[in-house]
Amino acid sequence: MSNIRKAFENGKAFIPFITCGDPDLKTTAAVVRAAVENGADLIELGIPFSDPTAEGPVIQAANIRALNGGVTTDKIFDLVRELRKDVKIPMVFMTYANVVFSYGSERFISTCSEIGIDGLILPDVPYEEKEEFLPICRKYGVDLISLIAPTSENRIAMIAKEAEGFIYVVSSLGVTGVRSEIKTDLGAITDIIRQNTDVPCAIGFGISTPEQAAKMAAVSDGAIVGSAIIKLLEKYGADAPKYVGEYVKSMKEAMAV
Amino acid sequence: MTNPNGRFGIHGGQYIPETLMNAVIELEEAYNYYKKDPEFNRELTELLNEYAGRPSRLYYAEKMTKDLGGAKIYLKREDLNHTGAHKINNVLGQALLAKKMGKTRLIAETGAGQHGVATATAAALLGMECVVFMGEEDTIRQALNVYKMRLLGAEVVPVKTGTATLKDAVSEAMREWTSRISDTHYCLGSVMGPHPFPTIVRDFQAVISKEIKEQIMEKEGRLPDAVLACVGGGSNAIGSFYHFIEDKDVRLIGCEAAGRGIDTFETAATVNTGRVGIFHGMKSYFCQDEYGQIAPVYSISAGLDYPGVGPEHAYLHDIGRAEYVPVTDDEAVNAFEYLSRTEGIIPAIESAHAVAYALKIAPEMTPDQILVITISGRGDKDCAAIARYRGEDIHE
């Protein structure tokens, strides 16, 4: 069974997204630990990409800060090795297809397995292209996470049936970023997912407040938050871990209600 | 040449967010229907002929031929099309298709501004809303085209992210499309991006090689020995090559922008300096670093200043059917001036890359050989920038 399943055994899962190396890897490590200590159930680690086409302005800027700071895929692998000494909850990478492909897909994915990365989220790899990475992911026991979007409609069942680890439900049209309101009928989407698989599903894109997290948790198995956390890093830099910890705690508590 | 999954050999594919998948599937289905629809084809042909001015001339460049003393040189005059470049061929096709699909809004990326102007033109003609994304750097390099787009009723959005050039404009247009799909068609300007774009754009641009073939058979009674075109994403090149791919004796030569040289980092010669990667919806060659971060490319030509190349070109390179050669800024500027002086034709700085390579190979060829150069666009837009390159301080 996928290790990722453990993230969904402690009530609704809270999943923070953190761009590695923003502003530096030492801060990333401290932020991850603060999130874990305050109730995060799964950590989504972003490997920065020069041209992140699925991201809004906040995470784009984090990618640029991290790359300008000199972070590389190899340095991020080292970060995970260091984190795995004490971080026991599941961790997944979120990055773009070229970061994996260019490194050598097998070399990248086998390293993920070796250092304790449980899954891979590639927003520019849809169902039709998953064969590029899926056989290698299976070989090394790394879950390739499927995404389902508000426009997926007739594709939801097809994607859900073959999903592994967890399903990333994209809440809204467009790119990542804080939204004041999420209008998609997510309950209708998660209903179809549940009819087709018992793989848990978590909702991401646009979630920032405890109220939104509670709403999302009500119709799914968890909530993914990126831009709101990146904003704290942008604002507080090396002092961010404390604020991220408090934020994670408030979100996890809101989802438990 | 396209297989059912949109692959050209290993290249191509659909590496895009799930949010866009139904949109590209809908586009593919509509295209497959309308490309066989006689009414659609009648309307498109009428637009191309009556509005855009097709067929474009295949002009015998006699002075250039005599001056170089080698192959007989013909120029395929895409610069004479309405809006001044080959871009209109594709745009009229896609805009008409979008309209048939019930879309009311066109979005587009643009580098030099030619594709943006063409899209704004088609939107004006067909009564559609239009938003063009253009790198901020390019809005400065090509200020006149920005004005033209606004004059035509389009909104121009300067893109400030990344290198603020063509690749960032493509990224921003893709982001915009994911946020608004139901009424919006992304009118992609080159043979790139996710399937079915490389195939659709190629089919709409293939009119160039179809005409060259007919015109050269009429004038010379034989096929050319070589066809040259500049390559950024590669739409005028694939259009110029397409109907000659089956004619193995015709050399197909794509001229890439080498910027300050392929041994420098200031280059955009993707096939010559890049390696296989996945970006902007496709697998192809890309300029990138060892970790797959896309490289900040450079060329004097805003239209060729792109770190990737269309997947069909990548495939033609892999199988050795087409050659891709680097041409530097200096060589292109020399050719820009040469064609202006010699033939009285001011080519786009993009097209001047193809002219530059012809200047190298034509003298080595024999007078019974024929060389066709596609002049993909006219050079009015570049005059101020080239003057500045030569140290003259002129402003539009």
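Preceding block: the structure.
Here's a quick rundown of the structure. (Residues numbered from 1 in each chain as written. Chains lettered and ligands numbered in written order. Predicted model: local features only at pLDDT ≥ 70, side-chain atom pairs only at ≥ 80, totals over all residues.)

## Quick notes on the sheet that holds strand S14 (residues 370-375) of chain B
Residue and element names in this part refer to chain B. The six strands lie next to each other as S3-S4-S14-S9-S10-S13, forming an open sheet whose pairing is mixed. The open sheet has two free edges, formed respectively by strand S3 (58-60) and strand S13 (322-328), since each of these has just one partner strand. Averaged over all adjacent pairs, the angle separating strand axes in this sheet is 30 degrees, with direction ignored. Where strand S4 (residues 72-77) lies against S14, six bridges are found, and the strand directions are parallel. Across the sheet, residue Lys 72 finds its bridge partner in S14, namely Ile 370. (Pairing = 2+ DSSP bridges. Helix = DSSP H or I, 4+ residues; strand = E, 2+ residues; numbered from the N terminus. Axes fitted to C-alpha atoms, helices over the stretch in contact; angles between N-to-C directions.)

## Comments concerning the sheet that holds strand S6 (residues 146-148) of chain A
Within a sheet, adjacent strands bond to each other through the backbone by hydrogen bonds, running parallel or antiparallel. All names here are of chain A. Strands sit in the order S5-S4-S3-S2-S1-S9-S8-S7-S6 across an open sheet of nine strands; the sheet is parallel. Looking at strand neighbours, the two that pair on one side only are strand S5 (143-144) and S6, the edges of this open sheet. Here strand S8 (residues 201-204) pairs with strand S9 (residues 222-225) via two bridges, running parallel. Considered in S9, the bridge of Ala 202 is made with Gly 222.

## Quick look at helix H14 (residues 329-343) of chain B
Residues and elements named next belong to chain B. With 15 residues, H14 extends 21 Å from end C-alpha to end C-alpha; this agrees with the ideal 21 Å at 1.5 Å per step. Among the residues of H14, Asp 329, Ala 332, Val 333, Ala 335, Phe 336, Leu 339 and Glu 343 are the ones counted as buried. Each buried residue of H14 lies within a common arc of 160 degrees when the element is viewed along its axis, so the set occupies one face. Structurally, H14 contributes buried residues whose contacts are with helix H3 (62-68), strand S10 (251-259), S13, helix H15 (349-361) and helix H16 (383-389). Immediately downstream of H14, the backbone of Gly 344 shows phi near 70 degrees, a positive value. (Expected span 1.5 Å × (residues − 1). Buried ≥ 20, exposed ≤ 12 C-beta atoms within 10 Å, placed from the backbone. Arc of directions from axis to C-beta. Contact = placed C-beta atoms within 7 Å.)

## Topic: the interface of chain A and chain B
The interface is formed by 32 residues belonging to chain A together with 26 residues belonging to chain B. Listed by contribution, the elements that provide at least two residues to the side of chain A that touches chain B are helix H2 (57-68), helix H4 (97-103) and S6 of chain A. Looking at which element gives the most residues to the side of chain A that touches chain B, the answer is H4 of chain A, with six residues. Of the residues that constitute the side of chain A that touches chain B, the class distribution is 16 nonpolar, 10 polar and six charged. (Nonpolar A, V, L, I, M, F, W, Y, C, P; charged D, E, K, R; others polar.)

## A look at the pairing of strand S3 (residues 91-94) of chain A
Residues and elements named next belong to chain A. Neither face of S3 is left uncovered, since the one carrying Met 91 and Phe 93 and the one carrying Val 92 and Met 94 both have all their residues buried. Relative to S3, strand S2 (residues 43-46) is paired through four bridges, and the arrangement is parallel. Note that in S3 the partner of Glu 44 across the bridge is Val 92.

## Observations regarding unusual backbone geometry
Across residues other than glycine, the phi torsion is negative in most instances, and most of the peptide bonds are trans. Residue and element names in this part refer to chain B. The omega angle of the peptide bond from Arg 54 to Pro 55 is -5 degrees, so this bond is cis rather than trans. For Pro 55, the position within the fold is in the loop between helix H2 (38-51) and S3. In this structure, the amide linkage connecting His 195 to the following residue, Pro 196, adopts the cis form with an omega of 10 degrees. One can find Pro 196 in the loop between strand S8 (184-186) and helix H9 (197-205).

## Considerations on the packing of H2 of chain A against helix H10 (residues 227-236) of chain A
Residue and element names in this part refer to chain A. Put simply, H2 and H10 touch, their axes get as near as 9 Å, and they point 50 degrees apart. Relative to H10, H2 is oriented oblique. Where H2 crosses over H10, the two elements pack in a sense that is left-handed. Across from Val 58, Ile 59 and Ala 62 in H2, the residues of H10 making contact are Ser 227, Ile 230, Lys 231 and Leu 233. Its residues assigned to classes, the contact of H2 with H10 comprises five nonpolar, one polar and one charged. (Parallel < 35°, antiparallel > 145°, perpendicular 65-115°, else oblique. Left-handed = near helix turned anticlockwise from the far one by under 90°.)

## Concerning the nonpolar core
It is characteristic of soluble globular proteins that their nonpolar side chains tend to be buried jointly. Formed by 228 residues in total, the largest nonpolar core has its most connected members in Ala 223 of chain A together with Leu 228 of chain B. The dominant element in this core, judged by the number of residues it contributes, is H15 of chain B, at eight residues. (Core = buried A, V, L, I, M, F, W, Y, C linked by C-beta atoms within 7 Å.)

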